[in-house]
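# Breakdown of the fold
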Amino acid sequence: MKRFSLNLSIPRKKELILSQFVTEVSSFVRVMNWDYCEEGPKYWPNADGHNQSPINLDLSLVKHITVDPLKFLNYDVKLKGEIVNNGHSVQVTPRFENSVPEIQGGGFDQTYRFVQYHFHWGLHDNEGSEHTLAGLHYPAELHLVHEGLTNPNKIAVVGVFFVLGDDDKALHQECTVLNKIIDPTQSQPIQEIVLNDKLPKNRKSFWRYMGSLTTPPCSEVVTWTIFTEPIVITKSQLALFRNLHDKTGHTMKNFRPVQKLYSRELQLMNIDFIRLFGIIAFQHRKRTLTKRKLQLLCFKPTKIYPKIIWHRNSSLSHYMCSILDGRIKNVEMNTSNPA
């Protein structure tokens, strides 16, 4: 009987080893062939890390800090390079001849040199951005990737949200060639790129936290800077992105689910609360906007904030806020241009 049991234990051990091997191979294959399907991101490397990105930008958890302004060097230089559908996103990699764009200041530990930028979007207007603001997605998000000059193992990513509007300046060059890179690996030369066009007018106010790359290998080496003010993408431009195919041949959508903040510090730099209050409320414009809901959404409910009114300013392509008195009495929407 003992001898019979011993003979059975050997194949069982082999089965266990084989099962572990199959599991490891399956995980490796998933990582090497990563995608944005429903279960895909769960198998990405470092998926269970405590410093992963993206996250939800929650005003109730922030630490308010004042820092020197960000400095964008050579962001006004016209660049040329290549735009490619890599099967996961649209990426633009410029070729530098002389002046390389750099960022410094704004609480950074070193100067960071620009490397590339890429986009994230969804199939509908209520999804697409990777980071969320008060739990809501913007329709798209831009990531400008930089590497450290002193320590190139450190990465700084500048995130910019998109809102729908009429101004097509920010993405004019890219959208002239998107219909030529519909399928993965297709690429086109691109010229007259000006990085300044992809930044909001208000560059003083931004979110800051330590996180990771949002795609494999999801390395936790990124200092994230996300502007509170969005820039504009038109409906026709967004439709061009939604016409692209991923590596599986399906219509591309490429935003990773938000990750837990855990014990990380979420900082809000040089913030104009009234302005941000209006931006968040605008994101909720299709919902019932009550005084209590807005207070709970944006601030600690024990505080009292000014009544505000939103003005649509087409030249700036965002909502401006004005303080009318010292207490919230109601919420008014005004879609006409201010005098």
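Naming follows an unreviewed UniProt entry, where the protein appears as Carbonic anhydrase of Onchocerca flexuosa. Here is the UniProt Cofactor (unreviewed entry) comment for the protein, exactly as written: "Zn(2+)".

## Digging into the overall build of the protein
Scanning the protein for helices and strands turns up 5 helices and 18 strands. Partitioning the contacts of the protein with sequence separation of at least 6, the portion at a separation of at least 24 is 69%. Of the accessible surface of the protein, which amounts to about 17,600 Å², a share of 52% is contributed by carbon and sulfur atoms.

## Overview of the packing of aromatic side chains
Applying the stated criterion to the full structure yields 15 aromatic pairs. Taken together, a centroid distance of 6.3 Å and an interplanar angle of 35 degrees make the contact between Phe 114 and Tyr 117 tilted. In this pair, the class of Phe 114 matches that of Tyr 117, namely buried. Where Tyr 209 meets Trp 224, the ring centres are 6.4 Å apart and the plane angle is 5 degrees; that geometry is what we call stacked.

## Considering the pairing of strand 5 (residues 90-95)
Judged by which residues are buried, strand 5 turns out to be one-sided: Val 90, Val 92 and Pro 94 face inward and are buried, whereas Gln 91, Thr 93 and Arg 95, on the alternate face, are not. Taken together, the 6 bridges between strand 4 (residues 79-85) and strand 5 define a ladder with antiparallel strand orientation. Paired with Lys 80 across the two strands is Arg 95, which belongs to strand 5. Count of turn residues in the strand 4/strand 5 antiparallel hairpin: 4 residues, of which Gly 87 carries a positive phi of about 90 degrees.

## Digging into the nonpolar core
Counting residues in each nonpolar core, the largest one holds 41 residues, and the members touching the most others are Val 90, Tyr 117, Phe 119, Trp 121, Leu 144 and Phe 241. Tallying contributions element by element places strand 7 (residues 112-121) first for this core, with 5 residues. Ignoring any residue separated from it by four or fewer positions in sequence, one finds Phe 119 in contact with Ser 89, Val 90, Glu 141, Leu 142, Phe 162, Leu 171, Glu 174, Phe 241 and Asn 254. In this structure, Val 62, Phe 161, Trp 207 and Val 222 belong to the second largest nonpolar core, which totals 20 residues.

## Observations regarding the side chain of Thr 111
Relative to the helices and strands, Thr 111 is located in the loop between strand 6 (102-105) and strand 7. Among the residues examined, Thr 111 registers a relative accessible area of 19% and is labelled buried. Looking at Thr 111, its side chain comes within polar contact range of the side chain of Gln 104, at 3.1 Å. Look past the residues within four positions of Thr 111 in its chain and what remains in contact with it is Glu 102, Ile 103, Gln 104, Glu 147, Gly 148 and Leu 149.

## Some words on the side chain of His 118
Structurally, the position occupied by His 118 is in strand 7. Since its relative accessible area comes to 14%, His 118 is described here as buried. There is a polar contact of 3.3 Å between the side chain of His 118 and the side chain of His 120. Leave out the neighbours within four places in its chain, and His 118 touches Ser 89, Val 90, Gln 91, Glu 141, Leu 142, His 143 and Val 145.

## Things to note about the environment of Gln 259
You can see Gln 259 is positioned in the loop between helix 3 (235-241) and strand 15 (266-269). With 212 residues separating them along the chain, Gln 259 and Ala 47 place their C-alpha atoms 8.9 Å apart. What Gln 259 contacts, discounting residues up to four positions off in sequence, is Ala 47, Gln 52, Ser 53, Pro 54 and Ile 55. In terms of polar contacts, Gln 259 uses its side chain to reach the backbone carbonyl oxygen of Pro 257, at 2.8 Å.

## Let's talk about unusual backbone geometry
Put simply, Ser 53 and Pro 54 share a cis peptide bond, and its omega is 5 degrees. Between Pro 216 and Pro 217 the backbone carries a cis peptide bond, its omega angle lying at 15 degrees. Mapped onto the secondary structure, Pro 217 falls in the loop between strand 12 (206-211) and strand 13 (222-227). The phi angle at Cys 218 is positive, at roughly 55 degrees, despite the residue not being glycine. Secondary-structure assignment places Cys 218 in the loop between strand 12 and strand 13. Positive phi is not limited to glycine here, since Tyr 262 has a value of about 55 degrees. Note on Tyr 262: relative accessible area 41%, which makes it partly exposed.

## A closer look at the confidence of the model for the protein
Model confidence for the protein is summarised by a mean pLDDT of 79, while 70% of its residues fall at 70 or above. Segment residues 286-339 is flagged for pLDDT under 50; beyond a separation of four residues in sequence, or across chains, it makes 105 contacts in the model.

## Here we look at the environment of Gly 211
Locating Gly 211 in the fold gives a position in strand 12. Between the alpha carbons of Gly 211 and Gln 259 there is a distance of 9.9 Å; along the sequence they are 48 residues apart. In contact with Gly 211, not counting residues within four places along its chain, are Asn 51, Ser 53, Ser 219, Glu 220, Val 221, Val 222, Trp 224 and Arg 264.

What counts, and at which threshold
Residues numbered from 1 in each chain as written. Predicted model: local features only at pLDDT ≥ 70, side-chain atom pairs only at ≥ 80, totals over all residues. Heavy atoms only, no water. UniProt positions renumbered as here; feature names shortened; annotations may be inferred. Helix = DSSP H or I, 4+ residues; strand = E, 2+ residues; numbered from the N terminus. Contact = heavy atoms within 4.5 Å. Areas by Shrake-Rupley, 256 points an atom, 1.4 Å probe, with all protein chains shown as cover. Phe/Tyr/Trp six-rings, centres within 6.5 Å; stacked < 30°, edge-to-face > 60°. Buried < 20%, exposed > 50% of the residue type's maximum accessible area, 1.4 Å probe, protein only. Pairing = 2+ DSSP bridges. Core = buried A, V, L, I, M, F, W, Y, C linked by side-chain atoms within 4.5 Å. Polar contact = N/O pair within 3.5 Å; in protein donor to acceptor, adjacent residues only side chain to side chain. pLDDT = per-residue confidence, 0-100.

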